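Topology and contacts: notes
One-letter residues, chain by chain:
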Amino acid sequence: MVEFTRRKLMASSAAAAIGAGTVGVASGEDDPEEHDTLEAPYVKGNIDRFSTTALGAEVTGPFVFETGELLYSLQGPSPENVAPFDTGGVGVFDDFRFTFNGKNDEFEELEAPRTKQEERQVLSAAGQYRLLVHTGEEINGGDERFGHPQTPDGTDLEEIAAEAYEGVGEQADMNFFVATNDEGTEGYLFTNNETRPGAISRTPLYRDEDGYWQADLENAMELENTEAFREVGGTKVNCYGDLSPWETPLSAEEEYGHPRVNGLATVSDIVEAGSGVGLRGGSEFWNRPNILDVHDSLSDLFGEEHAYPMGLNNNRGTEKMAYQLGAEPIDMTEVEVDDAAEDQDGDGTKTVNTPRPIGDEAFPNRYRYGYIVEITEPTAEEPIPVKHHVFGRAAWECPEVLPDERTVYLASDGGAKGIYKFVAEEPIPSYDDRMDVRGTLYAIKATEIGEGPVAETDLDVEWLELGTASNAEVESWIAEYDDVTQVDYLETHAETDWTEDLEAALAEADEEVAINGNQDYITDEEVVEWAEQYEERGPDGVDEDLRRVPFLETRAAAKEIGASIEFNKAEGIDSHDEAEPGDFIYFGISSLSGYMTDEHGDLRFDEVDTGVLYRAELEADYDVSTLEPVVVGPNASDSESLLDESLINVDNVMVMDDGRVLLCEDKGSFGRTYENDALWVYEPPAVLEASSVAVSHGATGTVDLTLSSIPDGLAGGRITVSVEHADVAEITDASYHDALELTSGPSIDGDGSSVEFRFADLENEIGATREEVTLATLDLEGVGTGTTDVTIEVHSLDDDDGTAIDTQARPGVVVVGPPPVGEGSGRAPTDLDGDGLFEDVNGNGRLDYEDVTLLFENLEDESVRLNEAAFDFNENGRIDYDDVVALYDEL
């Protein structure tokens, strides 16, 4: 069994303490069997709390400068906090730097806040948090305010918005710094603001004479107020993001309002039922005047058949988005109210919109939101935004662009959402015009491996291809809907003249859209037809006019072809900036609940209220095929002492250059003794791995035993490596790395099933490193046919400080091919391309016509029949003459 390291949890009873290096249940309950998720919480490695944010605020937008200094946003703090933490902003930790040595030895873990005074300010284990800018502060010579969108004439939208403009000035999120000098002492900080319309602030930063970061607010600017941003429709709810390998910020539009169907329902379900009542998502009502009123309207029309449209509330503010783009603001009026909660200024009235539908061409196009926005030319006088339409449309929390500059992983926030991947045909910065970026979009299909507790359940990942296009192609499809306005909602779907009876026209239109869908945009029938053609012809064979479907209606399209659109609050994806195949990428699920835990769909997990951090090894082409849990949180039923010392609701995730991971919380109130969100620093365990090898029957191959991520070097250890099935492969010899001066000869069992290694690094040849170090090499002989695991047992493994190294053992696999076929050369077949099929039937090292004839002549022989997996070239699960044809087709 893999040995996991668990952080020590202080509890009210001795039974609740969990020691490092132990394996078992980590629950604060007396009876661990009562916990829904056995072995939760636990950590493969170690986490330490570095900071708690001020009461009410999330920890968002972490960024670590090359110097090791840490910065993050104070999002949405309580106005009752200690000044200056009573307003939001972006701050840096003075007098602290991460050393990038892979260990949390720069700080002593922060104790949880214990007094109201401590809860109402930002605390840290080291250094002092200092706000560089407060949201709402005057910037740009007083012409703008930090995080505040404006109309084209420079009017702050807060001044003209009738409905509550939630969180203006308090919603700072993403932060990424782009240096403007070689020393990295000056540059621009790009900050997202989660508003409707969206806001992206650019703030010049510089070091003062004492070496501390300062913000030049006089020359800061709001990018959303530039003409370039209005030309792309502006943005909406800019959440977290990424800094591309070519140093441009990528802002994620968290467009929660994009679902066109509720929950796990599909568009096919609506078409088959002949009605979408109770199944329509919020985006189908996008261009309805006063969109939030549609819920009451549908309740009146359909009663209990109606269900709240998914994402509807997040489509509030479409009128404000229109004003920001240049539409004439609609009239406001004062109405009397009895409810004190609705009384805005204590005069017994509230301001409401006069319902006049917007017919202006500036009304926002629903298909222009929900994208990754790259800020190109970030240091220019006016940066240029590019929306990467080919990445798909969703409630993006963040992207992660890998160092190949082609592969992008994307997380969509909220319930019943997907995880996606985009692969460009060429490196993205190699395109002279970003609109020419072309590639393929994929959706995740996830399957639980086994039926154990969450802590022991990996996810097998398959990527379903949705379609291939360029940004320019998708832009041309989007532009076809630019003229759709609120007037169209009424004139397309209602018979009553809205200018004569607006109330009746709205009711008619609401009823029609609920039943038959919004005909102003992509229709139900188009989505279903795309899916049917996809199944018949593949993603590249659909009609030209249907190619738009997976890019404009990404979630709906993915659901139609069986993708796992069940993930709940996938809020973080990151790997370190120079990640290579073999390194890890991390995926944060803030709350493993909802559609991931019910009896419907692909995923049937036990519930983990507080979420899970997964990681995946990047493969040779930067693909990901398995997600493994590395941090599993507690549930609400657990003890306060356990909740106090556990990661809860992981949000933003940032991997530092030394492999450690910053984990930000977005928990709200969750039963802790303190209410604050925290920032944790995660130390991954060392990875002890046996490589995999394919050998021919009777031939020999080698397996390397490697160790990586050892920040305190290696002193020595004792390890046993075993072959699970010695009748498939035997260990015949073994040797040590040359750097290991003191060793005990490898002790191989008589049946060749295992070997023990004992060694010491006397000369400190293997020092602190993240890189992979080969400890030993095993020679194996293929004595049977089939596969066998190569497993690792660590008896002891110590670093240069004499401390036990926390390790995650990763088994290898040995594949032994079939014996020689027929009476030819006597050579065993070989697998030429590593796909598990032995194309080289005659064993001469190449695929040729003789392989086809040899298979044909011996199709009935035991050497073929008993090795189905090796010769099933048509992959139908049996040996038949079509396998011969399939092999011939490979010539």
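One structure accompanies this document, and this report is about it. Quick caveat, the model's predicted, so the values are computed rather than measured.

Rules used in this analysis
- Counting from 1, residues in each chain are numbered in the order their sequence is written.
- Selection of residues for local features in this predicted model requires a pLDDT of at least 70, selection of side-chain atom pairs for listing and counting requires 80 or more, and totals for whole chains, interfaces and linings are taken over all residues.
- Side-chain numbers come from the whole structure's heavy atoms, not from hydrogens or water.
- Residue exposure (1.4 Å probe, protein chains only): buried if accessible area is under 20% of the type maximum, exposed if over 50%, otherwise partly exposed.
- Each helix is a run of DSSP H or I of at least 4 residues and each strand a run of E of at least 2, with the numbering of both proceeding from the N terminus.
- Only strands joined by at least two bridges in the DSSP assignment are considered to pair.
- In this description, one arc is meant: the one made by directions from the helix axis to the C-beta atoms.
- Here a residue-residue contact requires only that any non-hydrogen atoms of the pair lie within 4.5 Å.
- With a 1 Å grid spanning the protein atoms alone, the term cavity applies to any set of points in which a 1.4 Å probe fits but cannot get out, the term pocket to an open set with protein on both sides within 12 Å along at least five of seven lines, and the term lining residue to any residue with an atom within 4 Å of a point.
- Grid points are joined across faces, edges and corners, and a volume is the space filled by probe spheres set on the points.
- Polarity classes work like this: nonpolar for Ala, Val, Leu, Ile, Met, Phe, Trp, Tyr, Cys and Pro, charged for Asp, Glu, Lys and Arg, and polar for all others, with Gly in that last group.
- Note on definitions: angles span 0 to 180 degrees between N-to-C directions of axes, and those axes are lines fitted to C-alpha atoms, for helices only across the stretch in contact.
- Any angle that is under 35 degrees is reported as roughly parallel, and any over 145 degrees as roughly antiparallel; angles of 65 to 115 degrees are reported as roughly perpendicular and all others as oblique.
- Salt bridge, as applied in this entry: a Lys or Arg side-chain nitrogen positioned within 4 Å of an Asp or Glu carboxyl oxygen.
- Working definition: a ring pair exists when centres of Phe, Tyr or Trp rings (six-membered ring for Trp) sit within 6.5 Å. Plane angles under 30 degrees give stacked, over 60 give edge-to-face, the rest tilted.
- We call a charge positioned above a ring when the Lys NZ or Arg CZ atom is no farther than 6 Å from the ring centre and deviates by at most 35 degrees from the ring normal.

A few points about the pairing of strand 5 (residues 89-94)
Across the 6 residues of strand 5, 6 count as buried, placing the element largely inside the fold. Side chains Gly89, Gly91 and Phe93 project from strand 5 onto one buried face, and the interleaved Val90, Val92 and Asp94 project onto a second face that is buried too. Alignment of strand 4 (residues 70-75) against strand 5, held across 4 bridges, turns out to be antiparallel. Note that in strand 5 the partner of Ser73 across the bridge is Val90.

Observations concerning helix 6 (residues 471-479)
Taken residue by residue, helix 6 has Asn471, Val474, Trp477 and Ile478 as its buried positions. Looking straight down helix 6, one finds that the buried residues subtend no more than 125° of arc, so they occupy a single side. The secondary structure elements touched by the buried residues of helix 6 are strand 20 (384-388), strand 25 (458-470) and helix 10 (549-552).

Some remarks on the layout of surface pockets
Roughly 870 Å³ of volume is contained in the second largest pocket. Lining the second largest pocket are 35 residues; nearest its centre among them are Phe63, Glu66, Leu243, Glu247 and Asp577. Broken down by secondary-structure element, the contributors of at least two residues to the lining of the second largest pocket are strand 3 (58-64), strand 10 (172-179), strand 15 (238-243), strand 21 (396-401), strand 26 (570-574) and strand 30 (650-655). For the lining of the second largest pocket, the leading source of residues is strand 15, giving 4 residues. When grouped by side-chain class, the residues that make up the lining of the second largest pocket number 17 nonpolar, 7 polar and 11 charged.

Section: the packing of helix 4 (residues 294-302) against helix 8 (residues 502-516)
When two helices pack together, their arrangement is given by the angle between their axes and by how far apart the axes lie. Running from N to C, helix 4 and helix 8 point in directions that differ by 80°, and their axes come no closer than 10 Å. Classified by the interaxial angle, the pair formed by helix 4 and helix 8 is roughly perpendicular. Where helix 4 abuts helix 8, its residues Val294, Ser297, Leu298, Leu301 and Phe302 lie against Ala507, Asp510, Glu511, Ala514 and Ile515. Across the contact of helix 4 with helix 8, the residue classes break down as 7 nonpolar, 1 polar and 2 charged.

Considering the sheet that holds strand 33 (residues 686-690)
Across the sheet, 5 strands lie side by side as 37-40-35-33-42; this open sheet has mixed pairing. Across the chains shown, the open sheet's two edge strands, defined by having one partner strand only, are strand 37 (729-736) and strand 42 (807-810). Strand-to-strand twist across the sheet, computed as the mean angle between neighbouring axes with direction ignored, equals 20°. For strand 35 (residues 700-708) and strand 40 (residues 773-782), the ladder comprises 8 bridges, and the chain directions are antiparallel. Opposite Leu707, over in strand 40, you have Val773 as the bridge partner.

Some remarks on the pattern of salt bridges
Enumeration according to the criterion identifies 45 salt bridges in this entry. Across the salt bridge formed by Glu645 and Arg49, the nearest N and O atoms sit 3.4 Å from each other. One end of the pair, Glu645, is in the loop between helix 12 (640-644) and strand 30; the other, Arg49, is in strand 2 (residues 46-52), and 596 residues separate them in sequence. Both residues of the pair, Glu645 and Arg49, belong to the buried class. One salt bridge connects Asp482 with Arg368, and the closest N-O pair in it is separated by 2.9 Å. Within this pair, whereas Asp482 is found in the loop between helix 6 and helix 7 (486-493), its partner Arg368 is found in the loop between strand 18 (349-353) and strand 19 (372-376), the two being separated by 114 residues in sequence. Given a relative accessible area of 24%, Asp482 falls into the partly exposed group. Linked by salt bridges that have partners in common, Arg260, Arg280, Glu284, Arg366, Arg393, Asp524 and Glu553 make up one network.

A look at the packing of aromatic side chains
For the structure shown, the criterion picks out 32 aromatic pairs. Aromatic side chains Phe93 and Tyr129 sit 5.0 Å apart centroid to centroid with 55° between the ring planes, which places their arrangement in the tilted category. Note that Phe93 is positioned in strand 5 and Tyr129 in strand 7 (residues 128-134), a separation of 36 residues in sequence. With a centroid separation of 5.0 Å and an interplanar angle of 70°, the aromatic rings of Tyr367 and Tyr481 are classed as edge-to-face. With Tyr367 in the loop between strand 18 and strand 19 and Tyr481 in the loop between helix 6 and helix 7, this pair connects stretches of sequence that are 114 residues apart. Exposure remark for Tyr367: the relative accessible area of 0% places this residue in the buried category. A relative accessible area of 9% means that Tyr481 is categorised as buried. In this structure an aromatic cluster arises from ring pairing among Phe50, Tyr72, Phe85, Phe93, Phe96, Phe98, Phe107 and Tyr129. The ring of Tyr442 carries Lys421 above its face, with NZ or CZ at 5.0 Å from the centroid. Looking at Arg615, its charged tip hangs above the ring of Phe584, at a distance of 3.7 Å from the centre.

Here's the deal with the sheet that holds strand 7
The strand order across the open sheet formed by 4 strands is 3-4-5-7, and the pairing between neighbours is antiparallel. Since the sheet does not close on itself, it has two edges, and those belong to strand 3 and strand 7, each with one partner. Averaged over all pairs of adjacent strands, the angle between their axes in this sheet comes to 30°, without regard to strand direction. The pairing of strand 5 with strand 7 spans 6 bridges and is antiparallel. If you follow Gly91 over to strand 7, its bridge partner there is Leu131.

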